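# What the coordinates show
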Amino acid sequence: MSEELKNKAKELLTNKKVDLIIGYQRAADGVLAAPCFIDSQDDAEKLIWDSYCVYNLASYLKDFPAKRKGIVVKVCDLKSITVLLQENQVKREELLIIAASCPGVIDEKRLNPLDQQAQEIVFAGKCKTCKTITPAYYDILINEPQKNDKLSEIGQDEYEPVRKLEAKSIEERFKFWESEFSRCIRCYACRQICPLCYCPKCVAEQITPGYFSKGVNLEGNLSWNITRAMHLAGRCIDCGECERACPVGIPLRDINKKIEKEIKELFKYEAGLSVEQKPLLSCFDKSDPEDFIK
Amino acid sequence: MLRIAQKEELQKMIDGFLADYEVIGPRELPGKGIFYQPITNAQDLYLGERFAIEPVKKFFFRPSEYLFEGGLKEGSEFLEGIPLAQNKRMIIGVRPCEARGLALLDKIFNTEYKDEAYVSLREKTILVGLSCQAPGKDCFCTSIGGSPVQARGMDALIFSAGSKYVIEIITDKGKDIFDTCPKEPDKEEIKAWESLKEKSNAALRKKIKIPESLDNIFESGYWGKVSSACISCGVCTYLCPTCHCFDLVDEERKKLRCYDGCAFSDFTLEASGGNPRPTKMERYRQRVFHKFDYFKKNFGEHLCVGCGRCIRHCPVKMNIAEIVDQAPV
Ligand code: SF4
Ligand code: SF4
Ligand code: SF4
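Now for a description of the structure that goes with this document. Bear in mind the structure is a predicted one, so any value in this text is a computation, not a measurement.

Before going further, it helps to examine the sheet that holds strand β2 (residues 33-38) of chain A. Residues and elements named next belong to chain A. The five strands lie next to each other as β2-β1-β3-β4-β5, forming an open sheet whose pairing is mixed. The sheet terminates laterally at β2 and β5 (140-142), the two strands that pair on one side only. The average undirected angle you get between the axes of adjacent strands in this sheet is 30 degrees. Both strand β3 (residues 69-73) and strand β4 (residues 95-100) contribute to a ladder of five bridges, which runs parallel. Residue pairing in the sheet places G70 in a bridge with L96 of β4. Helix α1 (residues 2-14) rests against β1 (20-26), β2, β3, β4 and β5 of the sheet, and its axis sits at about 155 degrees to β5. Along the sheet, helix α2 (residues 75-86) makes contact with β1, β3 and β4, crossing β3 at roughly 135 degrees.

The next subject is the site of ligand 3. In the region of ligand 3, the neighbouring residues are B:F140, B:C240, B:P241, B:R287, B:K291, B:C304, B:V305, B:G306, B:C307, B:G308, B:R309 and B:C310. Here the shell around ligand 3 is composed, by residue class, of seven nonpolar, two polar and three charged.

All right, on to the packing of aromatic side chains then. As enumerated under the stated definition, the model contains 22 aromatic pairs over all chains in all. When the ring of A:Y188 is compared with that of A:W224, the centres are 4.7 Å apart and the planes differ by 85 degrees; the resulting orientation is edge-to-face. Highlighted residues: A:Y188 in the loop between α5 (170-181) and α6 (189-193) and A:W224 in helix α7 (residues 218-230), separated in sequence by 36 residues. Note on accessibility: A:Y188 and A:W224 belong to one class, buried. Grouped by ring-pair contacts, the aromatic residues A:Y188, A:W224, B:F61, B:F109, B:Y118, B:Y238, B:F246, B:Y259 and B:F264 constitute a single cluster. Over the ring of B:F78 we find B:K73, and its NZ or CZ is 4.5 Å from the ring centre. Across from the ring centre of B:Y21, 4.6 Å away, lies the NZ or CZ of B:K88, which sits over that ring.

Residue position: B:G224 is located in helix α6 (residues 222-226). Each C-alpha atom, one on B:G224 and one on B:F246, is 25 Å from the other, the two residues being 22 residues apart in sequence.

Parameters at a glance
- Residues numbered from 1 in each chain as written.
- Chains lettered and ligands numbered in written order.
- Predicted model: local features only at pLDDT ≥ 70, side-chain atom pairs only at ≥ 80, totals over all residues.
- Heavy atoms only, no water.
- Pairing = 2+ DSSP bridges.
- Helix = DSSP H or I, 4+ residues; strand = E, 2+ residues; numbered from the N terminus.
- Axes fitted to C-alpha atoms, helices over the stretch in contact; angles between N-to-C directions.
- Contact = heavy atoms within 4.5 Å.
- Near = heavy atom within 4 Å.
- Nonpolar A, V, L, I, M, F, W, Y, C, P; charged D, E, K, R; others polar.
- Phe/Tyr/Trp six-rings, centres within 6.5 Å; stacked < 30°, edge-to-face > 60°.
- Buried < 20%, exposed > 50% of the residue type's maximum accessible area, 1.4 Å probe, protein only.
- Lys NZ or Arg CZ within 6 Å of the ring centre and 35° of its normal.

Here's what the structure looks like:
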């Protein structure tokens, strides 16, 4: 499959269909993958495609304005491109979408950092409840029947962790999040990795006025994490990159999923399904529930 | 000076320390990793091979520190320093690279200029290290003057040897706390300890070469190429045991010192709107030059201890060791 990808990439670059291809290469440790940016035929040899290709490369699109970009995507990554198109952040004509059928990606956090060898693959949480491995649209499909067709344990409840939290009392819930957020170091990796966090100036950086404490304390940490999640309401497509990037293991997907669930229930809306869909927060529908207005 | 203790004896000693010291050590949070936290019982400690995500730096150069408070109170000016550390602390289980990191931070915060907050925390703290016997694949301390068994910056260093611990005592502070442990290792035990050290050193497989100077390649296209995947987050700088950049922030009437890092796009943003490091190329190059060139020129050694944290936790697997090793000098 990597071969097919390499050949396609070479072809695209030779025929000048694209200026560069954003894809994956083997990381320096020889085991994991790392993002790569290919602009020559020779470099196309570096491209790989396997379960280590965890990154959502869509966050790199903004680095190459006005270039014709080929980008290797999984189904979940594609949804974030859909939102970027919906929000006019990328031009479709500058994009060449290379969708690769997905073998499921690893849960990096479960890798033993001391082990110097390749380890048995444990799939990421998002993959375990992934609904389809067929991309909605693409320009090129790198397809191969996956041996792991049992990967998506369809029927498994994707909101199970959220329901568990919902079942707790408010006090217990607050205690839970207080202890999780207390570890936040405010590195903003969750924001930087997110393909949909693209504000040129983040609220966290504003100082006149400062919206919340820069201090690593409960007030600042809580404000940051809630703000981040709320700014993605109706936009987050659950690629899980924030949670993966978080060095201190805060379960950011649980917050995202909670908001996603509320939105589904209230507005029957799911982010990233189609480009034509109007963004949730910039449209109004007469049937929107309004019992919160008192 | 060497001492030897059974595991239970060491645990008892640690429980004893708890009466006089605030004791901090690595604890395992299931599914999250290892974190330094205060302990209430020797059983809380994780003294295995995995190392903490955040280095002990945060207990000395803290992520955010209130430096002083000032303004107008009842019509007159006031300026108050925030009280300095008073309580005696002990940190147990510190890794050689992190302790060396503190020795490097001392060059910044405790030489010509003395940073009161940092110095008071350093003075009040005893550091008891733990040697590494199974270094990770991203560790490269032996390529940069360190080793998994080095005691620099520590008061004492513990080696786990089967059912026993060998304790190497380095400073007077270390001697004081371990005077309750009278037993010295015999010849056999010393031999075993020495071969354990050799084994630990040999277990560290990653070797890199570090160029004498990077002067000639400041303008090289190399930096643009190697930095292209960087997402400009703060993971590498915040988790680095030697990074020490900060930002001063006013909050209410307090002056707050918070971590900052060269990776952030607004780190060098000037009030005029100009930014001398506008892209990640300049920013990443700065990180490498500060660690592997400038600091050596100013302070005689590199500002990296080879702990591998910035590699292990980089969300996009940027690998500073490879980048320095392959630098086209
Ligand atoms: S939640 Fe995690 S990734 Fe985000 S700022 Fe906090 S520590 Fe960094
Ligand atoms: S090198 Fe990695 S950890 Fe450091 S700023 Fe870049 S992406 Fe973040
Ligand atoms: S630069 Fe990276 S490897 Fe070196 S001390 Fe800092 S975190 Fe560790």
